[in-house]
There are 4 protein chains.
Amino acid sequence: MIVIMKQGAAPERIEAVVKRVEEMGYKVHLSRGEARTIVGIIGADDYKIHQDSFLALDGVENVVRIMQPFKLASRDFVEGNTCIDVNGAKIGGEQIAVFAGPCSVESREMILETAHMVKEGGATFLRGGAFKPRSSPYSFQGLGEEGLQYLAEAREQTGLPVITEVMSPDEVEVVGEYTDIFQVGARNTQNYSLLKALSRTSKPVFVKRGMSTTIQELLMSAEYVLSGGNMQVMVCERGIRTFEPYTRFTFDVNAIPAIKELSHLPVIADPAHGTGKWELVGAVAKAAVAAGADGIMVEVHPDPSKAWSDGAQSLTPKRFTKLMQELRAVAEAVGRKM
Amino acid sequence: MIVIMKQGAAPERIEAVVKRVEEMGYKVHLSRGEARTIVGIIGADDYKIHQDSFLALDGVENVVRIMQPFKLASRDFVEGNTCIDVNGAKIGGEQIAVFAGPCSVESREMILETAHMVKEGGATFLRGGAFKPRSSPYSFQGLGEEGLQYLAEAREQTGLPVITEVMSPDEVEVVGEYTDIFQVGARNTQNYSLLKALSRTSKPVFVKRGMSTTIQELLMSAEYVLSGGNMQVMVCERGIRTFEPYTRFTFDVNAIPAIKELSHLPVIADPAHGTGKWELVGAVAKAAVAAGADGIMVEVHPDPSKAWSDGAQSLTPKRFTKLMQELRAVAEAVGRKM
Amino acid sequence: MIVIMKQGAAPERIEAVVKRVEEMGYKVHLSRGEARTIVGIIGADDYKIHQDSFLALDGVENVVRIMQPFKLASRDFVEGNTCIDVNGAKIGGEQIAVFAGPCSVESREMILETAHMVKEGGATFLRGGAFKPRSSPYSFQGLGEEGLQYLAEAREQTGLPVITEVMSPDEVEVVGEYTDIFQVGARNTQNYSLLKALSRTSKPVFVKRGMSTTIQELLMSAEYVLSGGNMQVMVCERGIRTFEPYTRFTFDVNAIPAIKELSHLPVIADPAHGTGKWELVGAVAKAAVAAGADGIMVEVHPDPSKAWSDGAQSLTPKRFTKLMQELRAVAEAVGRKM
Amino acid sequence: MIVIMKQGAAPERIEAVVKRVEEMGYKVHLSRGEARTIVGIIGADDYKIHQDSFLALDGVENVVRIMQPFKLASRDFVEGNTCIDVNGAKIGGEQIAVFAGPCSVESREMILETAHMVKEGGATFLRGGAFKPRSSPYSFQGLGEEGLQYLAEAREQTGLPVITEVMSPDEVEVVGEYTDIFQVGARNTQNYSLLKALSRTSKPVFVKRGMSTTIQELLMSAEYVLSGGNMQVMVCERGIRTFEPYTRFTFDVNAIPAIKELSHLPVIADPAHGTGKWELVGAVAKAAVAAGADGIMVEVHPDPSKAWSDGAQSLTPKRFTKLMQELRAVAEAVGRKM
């Protein structure tokens, strides 16, 4: 971290910064220019310092972070890429992972039917929501534990590992009894109480990027889970909020190679939420794989027009199967497998 | 809600929409134009319908919401403005409420000292964080219940009602034992599990707008609390995330009159988070009061350069006192009191 | 277009809307619901109406556009896709067009050298700026007509058609003497004086999306050129401005299939500006082709570290050649050629 | 400017950066830390350097600008605030300037009538568009020179100086014959050809912030005019593009004190475009004055429901007069006059 002093900052101001750095246990490297003095902060865990600690000191012009503020999630910490193994299905290796299933578990029949369909189409994981974060209190809020039981039954029948959302620390236990992977939704990316609770479990955690979370903040949320001791974390790009009204969100395809540059964690793409329109899901899914995504999450519903949620962005099983074929060609073109 | 059919949509497509509407218990008003047919949905609780229920039907071009999707938070539901009384201190009346105090409770001495200072300066409520949502797991996470005890002691000494953040449903009970108002932070605006838990308490809830939450979504979050039976809700504009890098967030001053137009709930402004720079806090606080805000939340620290969090946007007690004087003049210019 | 009246709007308010519609030469389709009346506007050129014409009338709640506000750029106007032929090189057909070259023409030697290199690497068009829009008046502003002459010489030597930026109506003539395609930059997407001037030329126009231009607005800018009589228009996604600071802009990959859905015009992708970092250019270029782009524009410089502009996002000739090979595989995977 | 080298960058990489700095005529201040080396660039016109000159060099991690990239627009260049005098009417002094009038000049009668009305209401300048940038080629494009003549006539009758938009370098001469102040619209903020042409005139220039222009970029656009020799420049906040759909734009009230901090130029607020809804114009106008704006631009139309453009955000003369009274109270509360 570098503290840039204001032009002509008095010596005692500079001294105060130096003292603060030393009090925090770091070393100082002072660089006195003609116009300005720059205070470099040196230490192995510089990434833990918050800029605010210096911004409020008199005479300080600006504080510039040089290292990313995370460590366990960074490329420096792990050689190569993290590959997560869930009952034999892998995320982060050569193979593209495919998480498919309905937005919500609506009934036992429905999730069983969908599970078989997506398995046949080429899915490697079954998704489905039992606890649903809905923007309206008047919307369907999910089947709760009953939905989890149906998901578990679908896993038994198809062999597909299950991923489902957990919304609150007090639901971690019950969700953990049924799911193979915990999903943290976009509205909970910075729900630190939840992230801490998940850091103490032994199951993989799938952290979605919030709709206005930066790449750095997303990796900091991953760091919460990692620093609590759970090293099985993957992150998911699902579209950010921009001024463009034609699509529900703007899928940030840049984030895929950017996260790969910064971190060893697997990156999944969610083109359904990233566009909000099933007509665009296929093109964006192919783009994500071409850009280097380790997996794709898509919403599949036997009859999207009857879906209780997210119908407009769900694929029919037929369209899903066709997309899998197209994705396979793109995956191979970039040296991956499906 | 209006469903607009695609040009030349087949009669059976239109019929399917009509059937869906009727199944949901609403009446249909069909309007067949030359080119397009429009299906109007009629019913007293139209606001509860989700657009997605129709967007996924074949032949549908677009679905347009006419009514806002909330009811209890809307101007139609309550005559006049909601005014919340907390031990005699009011929010939403003629008087501008002033919530002041440090970002975090750092120690017993510090919060007691600050409480007396802000009371003297003109604050009507004491703020201070005990459970802190921090973007880094390596940052100070708050004193927890110990911090709540110090806040309660500060209330006893000064008579100022206390507001503090609650981050998780499992903390509602302990925070409720000490606080007068529950604060929901910007990262938890759409933490529906938390909102539901708060809807079952009997203390006022202060809901901050998320950094990328729309005005409508903010009022939907308020609706979660209201629909659970807790009618004491206020909302807070605290800056949204935009492309502008000079300030940490962009304070959305439009939101103040916009929320006043849509809702009867009190609107508070948080210019500290809305700018991220103490140098801009005064100008934006005055702007907020001029635009019609019912209250102001500001961060005050005895020595911002030593603050454990948010130092760069905190006021010194001296600057706070000066701002209160300036605000008084603006408040009177728009027919309010301080 | 649909005009939604306020609940309980007086009959004379509705009458005023009807009268206004009829004065404008359109027919009315009135739909009186229980609560609200909806006025439908019917006519072949409904797309020309501006919503504001009705929004300011008393008693009007909202105005909803049903058709897109453009016609010549829309899928309804042309069957299939527009394919532009520039001296035999095509844009919008099966073949992926590749526009490559330096940000600025820096000297005769430099552009000739680069032209040969990109031709060898697989480019089908040569790009290079002679008139440069720079955010600082102190930055290099381009070689002007001298640069255009060097571009023409490079075309002669390599046979590659040339594309270069035009910034102002009074430069259209001189630029038109040398270039094969006029490029409208992101800062001029809504420079209507320039678009009108270009609509009167007979050379193809390449319109870049502005950094905060919506997809609809971009197609309206294309409509300006088309409606003036120049039917050779292509549009370019080059990244939009969002809150994400890690990349200079956010490449909106959704826009590619979205524009394909709305319009018959060719869509080009500019991953250099869309990311601002050469390290990300390759991944995003592949994503764009996988998503259906008709072409790619990339910045190539013999020595990016010495570039007078945009060095950080320029590829070396070697990296460009490697990218072309990778892109070829992706293009074939989605049924295109390079 | 500071160049931060990558961890363990080879000595020859550092040498290359140093050489580049020296070639550009600046001095170097080298600071070798344990982990990283930092190269400081020292020189009086450091603000002219573009970060890209160093970002593309091998071994460079990041480049941090310390000084703002403008000089003539900065607080360092001029003591106090710039005050512009237009035929006795002032902008930037104690008095709040009020620019009022219709969006477009629609006819001779209409602009004369409006001019008298706004004068009576308290306007100090008459606004009105003759050359109109419209997003649709099918919308009214302005009366052109005829409109300018009517504006001049309105000035003669009322004594109000006139401000009107100029869209293109080739219109500067004709607009300059009639107007007192040149207005650069939000779509032309970065139309550098236009800014250069205006820098060579002797009339004041009013530069609107583009809808996604940063504060720094806006001041760079002002710098274009200043560096060409025209020192009479004012800038205008008119709302930026964000994700919020309730208002057409988000008025960035932070920008007012921020620009005041950075620059000596007068700052005007345009709450009509900043909100897009006349119902919100009053509240936001008061907010802008409270935040320190030097003037307000509002759209006033004798009958907004009949306006050819921007009717939804225009005030009636009656509402304008009432707003002036309310603004006066706010202006006095912050030590200004109207």
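Owing to the predicted nature of the structure, the values given are computational and were not obtained by experimental measurement.

Some words on the overall build of chain A
Thought 1: Counting its regular elements, chain A contains 11 helices and 14 strands.
Thought 2: For chain A, the spread of C-alpha atoms along the three principal axes comes to 75 × 45 × 40 Å.
Thought 3: A burial count over chain A gives 67% of its 338 residues as buried.
Thought 4: Taking as baseline every contact in chain A between residues at least 6 positions apart, the subset at least 24 positions apart corresponds to 67%.
Thought 5: Only carbon and sulfur atoms are counted for the fraction: they give 46% of the accessible area of chain A, which is about 11,100 Å².
Thought 6: Charge centroids of chain A, computed over 37 positive and 42 negative side chains, lie 2 Å from each other.

A short note on the domain arrangement of chain A
A common way to report how large an interface is uses the accessible area buried once the components associate.
Thought 1: For chain A, the domain assignment lists domain 1 (2–64) and domain 2 (84–333).
Thought 2: Measuring from the centre of the C-alpha atoms in domain 1 of chain A to the corresponding centre in domain 2 of chain A gives 43 Å.

Topic: the relation of the copies chain D and chain B
Thought 1: For the match of chain D to chain B, the screw axis carries a shift of 0.0 Å, the RMSD comes to 0.0 Å, and the turn is 180°. Such values leave the two copies arranged in the relation of a two-fold axis. Looking at the rotation axis and the C-alpha trace of chain D, the residue lying nearest is D:Ala287, at 1.9 Å.

What to know about the relation of the copies chain A and chain B
Put simply, the two copies of the chain differ by a rotation about an axis and a shift along that axis.
Thought 1: Note on the identical chains: chain A maps onto chain B by a rotation of 180° and an axial translation of 0.0 Å, with an RMSD of 0.0 Å.
Thought 2: A symmetric contact is evident, with 100% of the interface residues of chain A recurring at the interface of chain B.

Some thoughts on the pattern of salt bridges
Thought 1: Across all of its chains, the model carries 65 salt bridges over all chains by this definition.
Thought 2: Across the pair A:Asp294 and A:Lys260 runs a salt bridge, and its minimum N-O distance is 2.5 Å. Of this pair, A:Asp294 sits in the loop between α10 (278–291) and β14 (295–299) while A:Lys260 sits in helix α8 (residues 255–262); the two residues are 34 residues apart in sequence, bridging distant segments of the chain.
Thought 3: On the basis of relative accessibility, which here comes to 18%, the residue A:Lys260 falls in the buried class.
Thought 4: Here A:Arg336 and A:Asp294 are joined by a salt bridge, their closest N and O atoms 2.7 Å apart. In this pair, A:Arg336 sits in the segment after α11 (317–333) while A:Asp294 sits in the loop between α10 and β14, placing the two residues 42 residues apart along the sequence. Accessibility classification places A:Arg336 together with A:Asp294 in one group, the buried group.
Thought 5: Through salt bridges that share partners, A:Arg209, A:Glu237, A:Asp252 and C:Glu244 make up one connected network.

As for the sheet that holds strand β3 (residues 37–42) of chain D
Backbone-to-backbone hydrogen bonds join strands into a sheet, with any given pair of strands oriented parallel or antiparallel.
Residue and element names in this part refer to chain D.
Thought 1: With antiparallel pairing, 4 strands are arranged side by side in an open sheet as β2-β3-β1-β4. Two strands lie at the open edges of the sheet, namely β2 (27–32) and β4 (60–64), each paired on one side alone. In this sheet, neighbouring strand axes are inclined to one another by 20° on average, regardless of whether the strands run parallel or antiparallel.
Thought 2: Here β2 pairs with β3 via 6 bridges, running antiparallel. Looking across to β3, one finds that Leu-30 is bridged to Val-39.
Thought 3: Lying over the sheet, helix α1 (residues 11–23) contacts β1 (2–5), β2, β3 and β4, oriented at roughly 155° with respect to β2.

Some remarks on the sheet that holds strand β1 (residues 2–5) of chain B
Residue and element names in this part refer to chain B.
Thought 1: Here we have 4 strands laid out as an open sheet, ordered β2-β3-β1-β4, and antiparallel in their pairing. Looking at strand neighbours, the two that pair on one side only are β2 (27–32) and β4 (60–64), the edges of this open sheet. On average, adjacent strands in this sheet sit at an angle of 20° to one another, irrespective of strand direction.
Thought 2: Sheet topology note: the β1/β4 ladder contains 4 bridges and is antiparallel. Each residue of the ladder has a partner; that of Val-3, found in β4, is Val-63.
Thought 3: Helix-sheet contacts for helix α1 (residues 11–23) involve β1, β2, β3 (37–42) and β4, and the interaxial angle to β2 is about 155°.

Remarks on the side chain of B:His264
Residue and element names in this part refer to chain B.
Thought 1: With respect to the helices and strands, His-264 occurs in the loop between α8 (255–262) and β13 (267–269).
Thought 2: Polar side-chain contacts of His-264 include one of 2.7 Å to the backbone oxygen of Leu-72.
Thought 3: Here the side chain of His-264 touches Thr-82 through a polar contact of 2.8 Å, side chain to side chain.
Thought 4: Sequence-distant contacts of His-264, defined by excluding residues within four places in its chain, comprise Leu-72, Ala-73, Ser-74, Arg-75, Val-78, Gly-80, Asn-81 and Thr-82.

A word on the packing of aromatic side chains
Thought 1: Within the structure shown, the criterion is met by 20 aromatic pairs over all chains.
Thought 2: Judged by centre distance (5.4 Å) and plane angle (80°), the ring pair of A:Tyr47 and B:Tyr138 falls under edge-to-face. Here A:Tyr47 is found in the loop between β3 (37–42) and α2 (52–55), whereas its partner B:Tyr138 is found in the loop between β8 (125–127) and α4 (145–158) on a different chain.
Thought 3: Exposure remark for A:Tyr47: the relative accessible area of 6% places this residue in the buried category.
Thought 4: Here B:Phe99 and B:Phe206 contribute two aromatic rings whose centre-to-centre distance is 5.5 Å and whose plane-to-plane angle is 65°, an arrangement assigned as edge-to-face. In this pair, B:Phe99 sits in strand β7 (residues 97–101) while B:Phe206 sits in strand β11 (residues 205–208), placing the two residues 107 residues apart along the sequence. Take B:Phe99 and B:Phe206: they sit in the same class, and that class is buried.
Thought 5: A network of ring pairs unites the aromatic residues A:Phe99, A:Phe125 and A:Phe206 as a single cluster.
Thought 6: The ring of A:Phe249 carries A:Arg238 above its face, with NZ or CZ at 4.3 Å from the centroid.

Notes on the interface of chain D and chain B
Thought 1: Taken together, the contact pairs 39 residues of chain D with 39 residues of chain B.
Thought 2: Between chain D and chain B lies a buried interface of about 2,900 Å² when both sides are counted; carbon and sulfur atoms form 70% of it.
Thought 3: Broken down residue by residue, the surface that chain D buries against chain B is led by D:Phe243, D:Tyr246 and D:Asn254, which jointly contribute 22%.
Thought 4: Summed over the shared surface of chain D and chain B, the number is 2 salt bridges.
Thought 5: One salt bridge in this structure joins B:Glu244 and D:Arg209, with 2.8 Å as the shortest N-O distance.
Thought 6: For the pair chain D and chain B, the interface holds 10 residue pairs in polar contact (both at pLDDT 80 or more).
Thought 7: Elements supplying a minimum of two residues to the side of chain D that touches chain B: α8 (255–262), α9 (271–275), α10 (278–290) and α11 (317–333) of chain D.
Thought 8: Take the side of chain D that touches chain B: its biggest share by element is 7 residues, from α10(D).

A closer look at α11(A)
All names here are of chain A.
Thought 1: In a regular helix each residue adds 1.5 Å, so 17 residues correspond to 24 Å; α11 covers 25 Å between its end C-alpha atoms and thus fits that length.
Thought 2: Among the residues of α11, Pro-317, Phe-320, Leu-323, Met-324, Leu-327, Val-330 and Ala-331 are the ones counted as buried. Along the axis of α11, the buried residues cluster in a sector spanning 130°; they form a single face. Within α11, the exposed residues directed more than 90 degrees away from the buried face are Lys-318, Lys-322 and Glu-332.
Thought 3: Just downstream of α11, Gly-335 is the residue with a positive phi angle, here 80°.

A short note on the interface of chain A and chain B
Thought 1: Listed by partner, the interface residues are 49 residues for chain A and 49 residues for chain B.
Thought 2: If you look at where chain A meets chain B, you find 3 salt bridges.
Thought 3: Between chain A and chain B we count 22 residue pairs in polar contact (both at pLDDT 80 or more) in total.
Thought 4: When contributions to the side of chain A that touches chain B are tallied by element, the ones reaching two or more residues are α2, α6 (192–199) and α7 (215–227) of chain A.
Thought 5: Looking at the side of chain A that touches chain B, its residues break down into 17 nonpolar, 18 polar and 14 charged.

Basis of the calculations
- Residues numbered from 1 in each chain as written.
- Chains lettered and ligands numbered in written order.
- Predicted model: local features only at pLDDT ≥ 70, side-chain atom pairs only at ≥ 80, totals over all residues.
- Heavy atoms only, no water.
- Helix = DSSP H or I, 4+ residues; strand = E, 2+ residues; numbered from the N terminus.
- Buried < 20%, exposed > 50% of the residue type's maximum accessible area, 1.4 Å probe, protein only.
- Contact = heavy atoms within 4.5 Å.
- Areas by Shrake-Rupley, 256 points an atom, 1.4 Å probe, with all protein chains shown as cover.
- Lys, Arg positive; Asp, Glu negative; His and termini not counted.
- Charge placed at Lys NZ, Arg CZ, Asp CG, Glu CD.
- Domains from an automatic or database assignment.
- Least-squares fit on C-alpha atoms with pLDDT ≥ 70 in both.
- Salt bridge = Lys/Arg side-chain N within 4 Å of Asp/Glu carboxyl O.
- Pairing = 2+ DSSP bridges.
- Axes fitted to C-alpha atoms, helices over the stretch in contact; angles between N-to-C directions.
- Polar contact = N/O pair within 3.5 Å; in protein donor to acceptor, adjacent residues only side chain to side chain.
- Phe/Tyr/Trp six-rings, centres within 6.5 Å; stacked < 30°, edge-to-face > 60°.
- Lys NZ or Arg CZ within 6 Å of the ring centre and 35° of its normal.
- Buried area = accessible area lost by both parts, 1.4 Å probe.
- Expected span 1.5 Å × (residues − 1).
- Arc of directions from axis to C-beta.
- Nonpolar A, V, L, I, M, F, W, Y, C, P; charged D, E, K, R; others polar.

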